[in-house]
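Coordinate inspection notes
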Amino acid sequence: MDDISAARRWYAEDLRRKTPVLRNLHVIDAFAAVPREPFVGPGPWRIIPQPYQEPFLTPDSDPLWLYHDVLVSIDASRNLNNGMPSFWARNFEQMDIARGTRVLQVGAGTGYYSAVLAEMVGPGGHVTAVEIDPMLAVQAKANLALWPQVEFVSGDGRAIDAGAFNAVIVFAGCTHPAPQWLDGLVEGGRLLMPLTTDSWSGFLLRVIRRGTCFAASSIGGVSIYPCVDGRDQEGAERLKAALAGIGSGKVPIRALHLGDPPPADAERVWYHGPGFWLEREAAVADAACGP
């Protein structure tokens, strides 16, 4: 094993213990397999050690700088970065992505996490990676050429209709899901999307299809770049008010419903955006579709 391969394995094992990743070790093997260098451009690199910490420029182009749980700038002028590895390792484990499954990734960036997902699903799986930004799309398409199980699409991930999926993972903040993300989920399929206000902050909404029902829960807070065409001003204001009502407490939801909420049953509604609403967690558990 050469020095860089060893560094990638160390980095992946560090993520396993830091995140932690306890159930799906395909996540760790995938991070160990994918080189980060092609996806962040030539060094020196602008590194952000932790969110909201002061960035620094590496003194040289040694790839070992990249094999730590740090953000790496892609375009500092737009606050675009490669994403926090421990954050996405945790999210991938929460999605229970198995070998041979089909994944839709909305917001591929330069393709690093698309490649990680490709390693997770393996040669028998399929990843459809979508990126709307033309500059990022050109880079991602070239970067992902080594993974034949990845289908790269340059375009709007909210408009794509690419069939059935076991998992849909959105890498940008929205106020509402695209209908086809939910329509495309197979039985037991999962959607993970950041539901965010105009300040880029909110929570990670996880949805699981159970027959005609969609169980919903939060798997933690998030601050993330906004999704193009995935924003609604009124929805963002309602979400801000709903989050303010719980402070730092748990997001009290249990199911996602399509359409408009029932006017006569307003106490069931925790939040509603265009085309959907989230049902408030019941005070007493019942047999309804829940997380």
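Use the structure listed above.
Residues numbered from 1 in each chain as written. Predicted model: local features only at pLDDT ≥ 70, side-chain atom pairs only at ≥ 80, totals over all residues. Heavy atoms only, no water.

Focus on unusual backbone geometry
Residue proline 20 follows threonine 19 across a cis peptide bond; omega there is -15°. With respect to the helices and strands, proline 20 occurs in the loop between helix H1 (3-18) and helix H2 (26-33). The amide bond that connects glycine 43 to the next residue, proline 44, takes the cis arrangement and shows omega of 0°. Among the secondary structure elements, proline 44 is positioned in the loop between helix H3 (37-40) and strand E1 (46-48). At tyrosine 52, a residue that is not glycine, the phi angle is positive and equals roughly 75°. Residue class for tyrosine 52 comes out exposed when judged on its relative accessible area of 76%. You will see that tryptophan 200, though not glycine, has its phi angle at about 75°, which is positive. Note on placement: tryptophan 200 falls in the loop between strand E9 (185-196) and strand E10 (201-210). (Helix = DSSP H or I, 4+ residues; strand = E, 2+ residues; numbered from the N terminus. Buried < 20%, exposed > 50% of the residue type's maximum accessible area, 1.4 Å probe, protein only.)

Details of the sheet that holds strand E11 (residues 213-223)
Pairing in this open sheet of 10 strands is mixed, and the strands run E7-E6-E5-E8-E9-E10-E11-E12-E14-E13 from one edge to the other. At either end of the open sheet lies a strand with only one pairing partner, and these are strand E7 (150-154) and strand E13 (269-273). Ignoring which end each strand starts from, the neighbouring axes of this sheet average 20° apart. Sheet analysis places strand E5 (residues 102-106) next to strand E8 (residues 165-170), joined by four bridges and oriented parallel. When the sheet's bridge partners are listed, valine 106 is paired in E8 with valine 170. In this fold helix H4 (residues 85-94) packs onto E8, E9, E10 and E11, with an angle of close to 170° to the strand it touches most, E11. Packing against the sheet, helix H8 (residues 233-244) makes contact with E9, E10 and E13, and its axis sits at approximately 160° to E13. (Pairing = 2+ DSSP bridges. Axes fitted to C-alpha atoms, helices over the stretch in contact; angles between N-to-C directions. Contact = heavy atoms within 4.5 Å.)

Some remarks on empty space enclosed by the protein
Counted according to the given criterion, the structure contains one cavity of 30 Å³ or more. When its volume is computed, the largest cavity comes out at roughly 40 Å³. Every residue along the wall of the largest cavity is listed here: Leu104, Ile160, Asp161, Ala162, Gly163, Phe165, Gln180, Trp181 and Gly184. Counted by class, the lining of the largest cavity contains five nonpolar, three polar and one charged residues. (1 Å grid on protein atoms, 1.4 Å probe; cavity = no way out; pocket = protein on both sides within 12 Å on 5 of 7 lines; lining within 4 Å. Points joined across faces, edges and corners; volume = space filled by probe spheres on them. Nonpolar A, V, L, I, M, F, W, Y, C, P; charged D, E, K, R; others polar.)

Some words on the packing of H2 against helix H5 (residues 112-121)
Each pair of packed helices can be summarised by the angle the axes make with each other and by the distance between the axes. Between H2 and H5, whose axes approach to 8 Å, the crossing angle comes to 130°. By the angle between their axes, H2 is oblique relative to H5. Note on packing geometry: the crossing formed by H2 with H5 is right-handed. Residues His26, Val27, Ala30, Phe31 and Ala33 of H2 form the contact with H5, whose own contacting residues are Tyr112, Tyr113, Val116, Glu119 and Met120. Looking at the contact of H2 with H5, its residues break down into eight nonpolar, one polar and one charged. (Parallel < 35°, antiparallel > 145°, perpendicular 65-115°, else oblique. Left-handed = near helix turned anticlockwise from the far one by under 90°.)

Quick word on the pairing of E11
Two faces belong to every sheet, and in a regular strand the side chains alternate between them. Direction of pairing for E10 relative to E11: antiparallel, over a ladder of nine bridges. Residue pairing for E11: arginine 209 is matched across the bridge by phenylalanine 214. Relative to strand E12 (residues 253-258), E11 runs antiparallel, the two being bridged by two bridges. Along E12, the bridge assignment pairs alanine 215 with alanine 255.

Comments concerning the packing of aromatic side chains
Counted according to the given criterion, the structure contains 19 aromatic pairs. Here phenylalanine 92 and tyrosine 113 contribute two aromatic rings whose centre-to-centre distance is 6.3 Å and whose plane-to-plane angle is 70°, an arrangement assigned as edge-to-face. Of this pair, phenylalanine 92 sits in helix H4 while tyrosine 113 sits in helix H5, and the two are 21 residues apart along the sequence. Residue tyrosine 113 is classed as buried on the basis of its relative accessible area of 4%. Ring geometry for phenylalanine 203 versus tryptophan 270: centroids 5.9 Å apart, planes at 75°, classification edge-to-face. One end of the pair, phenylalanine 203, is in strand E10; the other, tryptophan 270, is in strand E13, and 67 residues separate them in sequence. An aromatic cluster of three or more residues is present, and its members are Tyr11, Phe31, Phe39, Tyr67, Phe87, Trp88, Phe92, Tyr112, Tyr113, Trp147 and Phe171. (Phe/Tyr/Trp six-rings, centres within 6.5 Å; stacked < 30°, edge-to-face > 60°.)

What about the nonpolar core?
Residues Phe31, Phe92, Ile97, Leu144 and Ile169 are the most contacted members of the largest nonpolar core, which totals 50 residues. With residues near it in sequence (within four places) discarded, phenylalanine 31 still touches Arg8, Tyr11, Ala12, Leu15, Pro85, Ala89, Phe92, Tyr112, Tyr113 and Val116. Judged by nonpolar contacts, the second largest core, of 32 residues, contains Val106, Trp181, Leu205 and Ala242. (Core = buried A, V, L, I, M, F, W, Y, C linked by side-chain atoms within 4.5 Å.)

All we've got here are geometric facts, nothing functional implied.
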